[in-house]
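Spelled out from the first residue to the last, the chains are:
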Amino acid sequence: MSVGSTLLELQEIDLTLMRDKEQLQNLPEIAELARRRKLYIKLKGDVTKYFAQRKDVEIDLQELDSREQALHNGIEKARREVDMDDYRQVQQLEITLSDFAKKLDRVEFERTEAHQKLSIIQADEATLKQNLKKIEDAIVALTKQARTHAVDIQSAIDKNERKRAQLFESLDPALGKAYKDASKRFGHLAVEKLEGNVPSICRMTLQSSSMSDLRHANEVTECPYCHRLMVILPEE
Ligand SMILES: [Zn+2]
């Protein structure tokens, strides 16, 4: 390979390496994983919230059971203590029993309400569990995908690093240093190729006087305009 072609390929590899390294730092899967993890933490918070709500309703239901039991005990007691031969006591018992019946109705009403509340919470909890499972699965899949992606990029980087080292070593040390310096100075675009009478990066049309000078120049020279390394490949 000619020196000019080597320089052009070296630059091509350096640009690819730069792109690949940046991609490795900013894998799209990693951003997506962060988003999913955030969502996962939020849903985990909801699990705790629903659990607390469900416990509250369960306690309410237990209290209703106790209230009901107490009312039944009250009814038993009232019946037991009444003197059925005393008209006034019998009349009083009727009033008392009707009062207990109203209280029992109230308990039943509250129990129905609590059960409705409980089924809504349980349905929400079930949906939440399904969503959590979906996110867990997605996180596992994304993690695998990120790892594969990273391994692929890294192996491309390793391959290009080896190729780059070979190309760089084949260059004359002075030219190697010139390439390095220009690369730093021109933000990795150090080498341009003369295409006709136009350099490929700065695109400034060369005058015919410059062109005739260049006809006798080496394959690698300096662009008179932007001062990048300029490769003049022999015409094919
Ligand atoms: Zn130029």
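Residues numbered from 1 in each chain as written. Predicted model: local features only at pLDDT ≥ 70, side-chain atom pairs only at ≥ 80, totals over all residues. Heavy atoms only, no water.

Per an unreviewed UniProt entry, the protein chain carries the name C4-type zinc ribbon domain-containing protein and comes from Collinsella acetigenes.

Asks: Even after reading the chapter, I still don't get the domain arrangement of the protein chain, so can you show me in this structure?
Replies: Interfaces are often sized by the accessible area lost when the parts come together. The domain boundaries assigned to the protein chain delineate domain 1 (26-170) and domain 2 (174-231). Distance between the C-alpha centres of domain 1 and domain 2: 70 Å. (Domains from an automatic or database assignment.)

Asks: Is there a simple way to explain the packing of helix H2 (residues 28-81) against helix H3 (residues 87-170) in this structure?
Replies: A pair of packed helices can be characterised by two numbers: the angle between their axes and the separation between those axes. Relative orientation of the contacting elements H2 and H3 amounts to 165 degrees, with a least axis distance of 7 Å. Relative to H3, the element H2 lies roughly antiparallel. Seen along the crossing, H2 lies across H3 with a hand that is left-handed. Here the residues of the contact of H2 with H3 are counted per class, giving 30 nonpolar, 11 polar and 22 charged. (Axes fitted to C-alpha atoms, helices over the stretch in contact; angles between N-to-C directions. Helix = DSSP H or I, 4+ residues; strand = E, 2+ residues; numbered from the N terminus. Parallel < 35°, antiparallel > 145°, perpendicular 65-115°, else oblique. Left-handed = near helix turned anticlockwise from the far one by under 90°. Nonpolar A, V, L, I, M, F, W, Y, C, P; charged D, E, K, R; others polar.)

Asks: I'm lost on the coordination of the zinc ion in this one. Help?
Replies: As a benchmark, a tetrahedral metal site with four donors has ideal angles of 109.5 degrees, while an octahedral site with six donors has ideal angles of 90 or 180 degrees. Coordination sphere of the zinc ion, protein contribution only: Glu-192 (OE), Cys-202 (SG), Cys-223 (SG) and Cys-226 (SG), at 1.9 to 2.3 Å. For the zinc ion, the 4 donor atoms are set out with angles of 92 to 126 degrees between them, so the coordination reads as tetrahedral. Considered as a linear motif, the donors of the zinc ion on their single chain read E-x9-C-x20-C-x2-C. Residue Glu-192 is located in strand S1 (residues 191-195), and its partner Cys-226 is located in the loop between strand S3 (220-222) and strand S4 (229-231); the two are separated by 34 residues in the primary sequence. Note on accessibility: Glu-192 and Cys-226 belong to one class, buried. (Donors = N, O, S within 2.8 Å, 3.2 Å for Na, K, Ca; no water. Tetrahedral: all angles 85-135°; square planar, octahedral: opposite > 155°, others 65-115°. Buried < 20%, exposed > 50% of the residue type's maximum accessible area, 1.4 Å probe, protein only.)

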